[in-house]
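So the chains spell out like this:
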Amino acid sequence: MITDRQKAILDLIVDIFSQTHEPVGSKALQERINSSSATIRNDMSTLEKLGLLEKAHTSSGRMPSVSGFQYFVENSLTLTQVAEHDVYQVLKAFDDNFFKIEDLLQRAADVLADLTGYTVLAQDVEASRQKLTGFEIVTTSTHTGLAVFTLDESSTLTSQFAIPKNFLPQDLTTVRQLVHERFIGKSVLDIHYRLRTEIPQIVQRYFTTTDNVLDLFDHLFKDIFSEKVLVAGKVKLLEVADFSAYQYLDNLQAVASEIREGLGEEQMQVVKVADNRLSKLSQLTVISQKFLVPYRGYGVLTLIGPITLDYKRTVSQVNLVNRVLSMKLTDFYRYLSSNHYEVN
């Protein structure tokens, strides 16, 4: 589509503009492009005709178009570099005791948001892929109880509930028994299916009145189907996007689902520039990278920023925080597997 020299010119303009946010003229390129000023101007004109550059009205210089940024990301951006000069700052930010995986994910989101000045989301392992490995019910008063779920032998979730009227103490024991028999060791996706197919029939064998029991099951289990998403720097989105994008982040389940759909099964990292498949985020850049959660699967760290961000630096910072997060998660699960348990 373009020559090697034109590609080098586009790469350099993207690099300079991302740092200065000022139009770039041919003179600024001459020192690094081994061609005459006239040749560079001709190539810039060609890139403009191809829609990869735009001419600034107040200057003879050019700046990258949305298509230019997209071309740069697809053809020139290195996704493996790490921001070495930020290593000490990031390591220091993670130098703490973490008692829940949510604490670690929130710290990663906070650190990356502070480092870049953009909005960051950190997602735990996809909810449907997790397995229920523990379940207990504790009565907290005559009329209330607390259900405690353990997912993947490490992540805990609690659900407070009102004990149904006319329930006897043994009825709660029966609910616990049914969960242990039917759900322990099953994936969340499987549990969702069984709640709709098996449980209504099975409950009839143990309870005379079933509606309140089925409502209790629905209430207890509703939260395990939700993505665990931690957010940092949400308000920063207002600086680079309209209010609808900011409001969209109120629906974290939809955002989390959209982010996962944009990452292929084998993809570890993706940079999307003005991707119209991203609904309310279609006029932004979205950088997503998976991180390994030992023994459980992959979480996702996502940065949302403007199309004009400094791609090289920002991707390097995402990589750095991702690596440190992965290291801390390894330590966290090593600690759990040595007969210590996560504190909720």
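Residues numbered from 1 in each chain as written. Predicted model: local features only at pLDDT ≥ 70, side-chain atom pairs only at ≥ 80, totals over all residues. Heavy atoms only, no water.

- As named in an unreviewed UniProt entry, the chain is Heat-inducible transcription repressor HrcA, taken from Streptococcus moroccensis.
- Looking at the chain in UniProt, the text filed under Sequence similarities (unreviewed entry) is "Belongs to the HrcA family."
- The Function (unreviewed entry) field of the UniProt record for the chain holds the comment "Negative regulator of class I heat shock genes (grpE-dnaK-dnaJ and groELS operons). Prevents heat-shock induction of these operons." (UniProt positions renumbered as here; feature names shortened; annotations may be inferred.)

What to know about the pairing of strand β10 (residues 297–305)
So, point 1. By the criterion of burial, β10 is predominantly enclosed, with seven of the nine residues buried.
So, point 2. Relative to β10, strand β9 (residues 285–293) runs antiparallel, the two sharing nine bridges. Bridging from a neighbouring strand, S288 pairs with T302 of β10.
So, point 3. Hairpin remark: β9 followed by β10, antiparallel, with three residues in the connecting loop; positive phi at Y295, about 70°. (Buried < 20%, exposed > 50% of the residue type's maximum accessible area, 1.4 Å probe, protein only. Helix = DSSP H or I, 4+ residues; strand = E, 2+ residues; numbered from the N terminus. Pairing = 2+ DSSP bridges.)

A closer look at the side chain of S316
So, point 1. Within the secondary structure, S316 is located in helix α13 (residues 311–337).
So, point 2. What makes S316 buried here is its relative accessible area of 7%.
So, point 3. Apart from the residues lying within four places of it in its own chain, the contact partners of S316 are Q81, V82 and A83. (Contact = heavy atoms within 4.5 Å.)

Considering the packing of helix α7 (residues 169–182) against helix α10 (residues 211–221)
So, point 1. Two numbers describe how α7 lies on α10: the axes approach to 12 Å, and their chain directions differ by 60°. In terms of their interaxial angle, α7 and α10 are classed as oblique. Seen along the crossing, α7 lies across α10 with a hand that is right-handed. Along the contact surface, α7 presents V175, L178 and V179, while α10 presents L216, F217, L220 and F221. (Axes fitted to C-alpha atoms, helices over the stretch in contact; angles between N-to-C directions. Parallel < 35°, antiparallel > 145°, perpendicular 65-115°, else oblique. Left-handed = near helix turned anticlockwise from the far one by under 90°.)

Quick notes on the side chain of S18
So, point 1. Relative to the elements of secondary structure, S18 occurs in helix α1 (residues 4–20).
So, point 2. There is a polar contact of 2.7 Å between the side chain of S18 and the backbone oxygen of V14.
So, point 3. If we skip the residues at most four places from it in the chain, S18 touches F69, T308, L309 and D310. (Polar contact = N/O pair within 3.5 Å; in protein donor to acceptor, adjacent residues only side chain to side chain.)

Remarks on the nonpolar core
So, point 1. One finds L29, F94, Y311 and V321 to be the most contacted residues of the largest nonpolar core, which totals 60 residues.
So, point 2. Sequence-distant contacts of V321, defined by excluding residues within four places in its chain, comprise V90, F94, A108, V111, L112, L115 and L301.
So, point 3. Of all hydrophobic cores here, the second largest spans 27 residues; its members include F135, F207, F217 and I224. (Core = buried A, V, L, I, M, F, W, Y, C linked by side-chain atoms within 4.5 Å.)

Quick word on unusual backbone geometry
So, point 1. In this model, H21 sits at a positive phi of 60°, which is unusual for a non-glycine residue.
So, point 2. Within the secondary structure layout, H21 lies in the loop between α1 and α2 (27–30).

Regarding the environment of L263
So, point 1. Relative to the assigned elements, L263 resides in the loop between α12 (252–261) and β8 (269–273).
So, point 2. On the basis of relative accessible area, L263 is assigned to the buried category, the value being 8%.
So, point 3. Apart from the residues within four sequence positions on either side, L263 is in contact with M268, Q269, V270, S288, K290 and V300.

Quick word on the confidence of the model for the chain
So, point 1. For the chain, mean pLDDT is 92; residues scoring 70 or higher make up 97% of the total.
So, point 2. Counting interchain partners and residues more than four positions distant, the pLDDT-below-50 stretch residues 340–344 has 16 contacts. (pLDDT = per-residue confidence, 0-100.)

Some thoughts on the pattern of salt bridges
So, point 1. All told, the structure shown has 21 salt bridges when counted by the stated rule.
So, point 2. Note that R296 and D124 form a salt bridge whose closest N and O atoms lie 3.2 Å from each other. Placement of R296 in the loop between β9 and β10 and of D124 in the loop between β3 (119–123) and β4 (132–139) is noted, with a sequence separation of 172 residues between them.
So, point 3. What makes D124 buried here is its relative accessible area of 0%.
So, point 4. Across the pair D218 and R196 runs a salt bridge whose closest N-O atoms are separated by 3.3 Å. With D218 in helix α10 and R196 in helix α8 (residues 188–197), this pair connects stretches of sequence that are 22 residues apart.
So, point 5. Looking at D218, the relative accessible area reads 34%, which means it is partly exposed. (Salt bridge = Lys/Arg side-chain N within 4 Å of Asp/Glu carboxyl O.)

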